[in-house]
Amino acid sequence: MKNVAAGIAISALAAVGVEAQENRRSRVAPAPVYEVSPGLGHFTDDVLFGEVWLRKELAPRDRSLVTVAALVSTGKTGQIPGHVRRALDNGVQPGEIGELITHLAFYTGWPNAISAVTEVKRVFDERKIGPVAESKAEPIALEAVAEAARAAAVNKSVAPIAPALADLTDRVLFGDLWRRAELAPRDRSLVTMAALIAIGQPEQLPFHANRAMDNGLSWIEAAEVATHIGFYAGWPRAMSAVPVLEKVFAAREAKAAPAGAAPSNADLRIVRSATSEMAIGPASQFTGQVRVSGRYRGDEPARIGGGTVSFAAGARTAWHTHPLGQTLFVVSGRGWVQKEGGPREEVGPGDVVWIPPNLRHWHGATADQPMTHFAIAEALNGSAVSWMELVSDEAYRAGSK
Ligand code: MN
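## Here we look at the overall build of the protein chain
Scanning the protein chain from terminus to terminus reveals 14 helices and 13 strands. Looking at the 401 residues of the protein chain, the share that counts as buried comes to 41%. A separation threshold of at least 6 residues defines the contact pool for the protein chain, and within that pool the share at least 24 residues apart is 70%.

Dropping the structure here:
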């Protein structure tokens, strides 16, 4: 990350033709910033890029999504190209940037979205990125119980006053936009939260913060979004979001509290194999063709969740960690699993792999055979995995990083 920041800093300095000054670590703020507002230069380089962007509470890719969402939603078009370049460098796919804009058209208005397209097109042209193709993946299935509750709320409070708005909300916003496979539900929630905080709409935040955590965002990440937005939309917007998040966290904690000896009348839930949603593993988290089916998550206070992951030959996860570890049960094929610095182990049907908490590792198929495993992990603060960079072809084939 520091290399990326340094690269940008160097190009920014070169662009304004300024002499390399002192031995400063890395500069993102262009020279005129130091000439006009030296304090701003200091805070830009030492605090914003020297500290906040490096905080582990939110991955660089997520920070880029949050930043671009803040710029698009507040109409700060002049800053969009620089942050779109940074987003691409941080692993955000061109199609994800395009879909972020599509998504925010609904949340912060068409004019902002159309203006953003113009700026992003310049970056795509400069990097020779061709037209973005729409995903051929099946629409994502929304969680049925939560979706029914949402639709009922709209039907009660919006439909009597603005029936067309209620219809469009159900049919287009949640029936189409939120189901598009171009952006993972968790990332859609991330950019929605970022936009709501950036434009100062805390009254819409409880619904979307809860949805974000249902979609896999952790409390720590949600709070870090507000922290990061403080720099891109101002402290008041960030501070206004905090009490809202506090209420959301408290409500979720109360719901998650052990119910004591009270008997449950909850129903069994069976994810039927025939109807189970088949999702494509996103390119930021997997290399090659990866499909996930039978995904489930236990009810709070249970932390457990899992799913069946099928890797085509040569496909694998990115490097990642699990806060509370992970168990893999190999169902079929031949696979490889490797911890950082350790040997690449081969696994086959019936093998069970325990991955300890916070251990950097990857898993996937061997180079010439597919592999399917069932993966189970517990979530800590709402998150069961932290994704890092992709496993390079060399590391994958060499069996060592
Ligand atoms: Mn894993």
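## Quick look at the sheet that holds strand β3 (residues 290-297)
Sheet strands associate in pairs through backbone hydrogen bonding, adopting either a parallel or an antiparallel arrangement. With respect to topology, six strands assemble into an open sheet ordered β1-β3-β4-β12-β7-β10, the strand pairing being antiparallel. With partners counted over all chains shown, the strands left at the sheet margins are β1 (279-280) and β10 (352-355), one partner each. Bridge count between β3 and strand β4 (residues 304-311): six bridges; the pairing is antiparallel. Of the residues in β4, the one forming a bridge with S293 is T308.

## Regarding the pairing of strand β7 (residues 326-333)
Here β7 runs beside β10; their pairing, made up of four bridges, is antiparallel. Note on β10: the bridge partner recorded for Q326 is I355.

## Some thoughts on a nonpolar patch on the surface
Residues F106, W110 and I114 make up a contiguous nonpolar surface patch of roughly 320 Å² in combined accessible area. Tracing the backbone through its elements, the reader meets F106 in helix α6 (residues 94-108).

## So, the environment of V347
Examined against the element boundaries, V347 turns out to sit in strand β9 (residues 344-347). Judged by relative accessible area, V347 falls into the buried class, the value being 9%. Sequence separation of V347 and S332 is 15 residues, and the distance between their C-alpha atoms is 9.6 Å. Those residues in contact with V347 that sit more than four places away from it in its chain are V330, G333, R334, G335, W336, V337 and V353.

## Some thoughts on the packing of helix α11 (residues 205-214) against helix α13 (residues 235-256)
Two numbers describe how α11 lies on α13: the axes approach to 10 Å, and their chain directions differ by 50°. Our classification of the angle between α11 and α13 gives oblique. In this structure, α11 meets α13 at a crossing whose hand is right-handed. Where α11 approaches α13, its residues L205, P206, A209, N210, M213 and D214 are matched on the opposing element by A241, V244, L245, V248, F249 and R252. Among the residues forming the contact of α11 with α13, the class breakdown is nine nonpolar, one polar and two charged.

About the thresholds
- Residues numbered from 1 in each chain as written.
- Predicted model: local features only at pLDDT ≥ 70, side-chain atom pairs only at ≥ 80, totals over all residues.
- Heavy atoms only, no water.
- Helix = DSSP H or I, 4+ residues; strand = E, 2+ residues; numbered from the N terminus.
- Buried < 20%, exposed > 50% of the residue type's maximum accessible area, 1.4 Å probe, protein only.
- Contact = heavy atoms within 4.5 Å.
- Pairing = 2+ DSSP bridges.
- Patch = residues over 30% accessible without salt bridge, like charges linked within 9 Å, V, L, I, M, F, W, Y side chains within 5 Å.
- Areas by Shrake-Rupley, 256 points an atom, 1.4 Å probe, with all protein chains shown as cover.
- Salt bridge = Lys/Arg side-chain N within 4 Å of Asp/Glu carboxyl O.
- Axes fitted to C-alpha atoms, helices over the stretch in contact; angles between N-to-C directions.
- Parallel < 35°, antiparallel > 145°, perpendicular 65-115°, else oblique.
- Left-handed = near helix turned anticlockwise from the far one by under 90°.
- Nonpolar A, V, L, I, M, F, W, Y, C, P; charged D, E, K, R; others polar.

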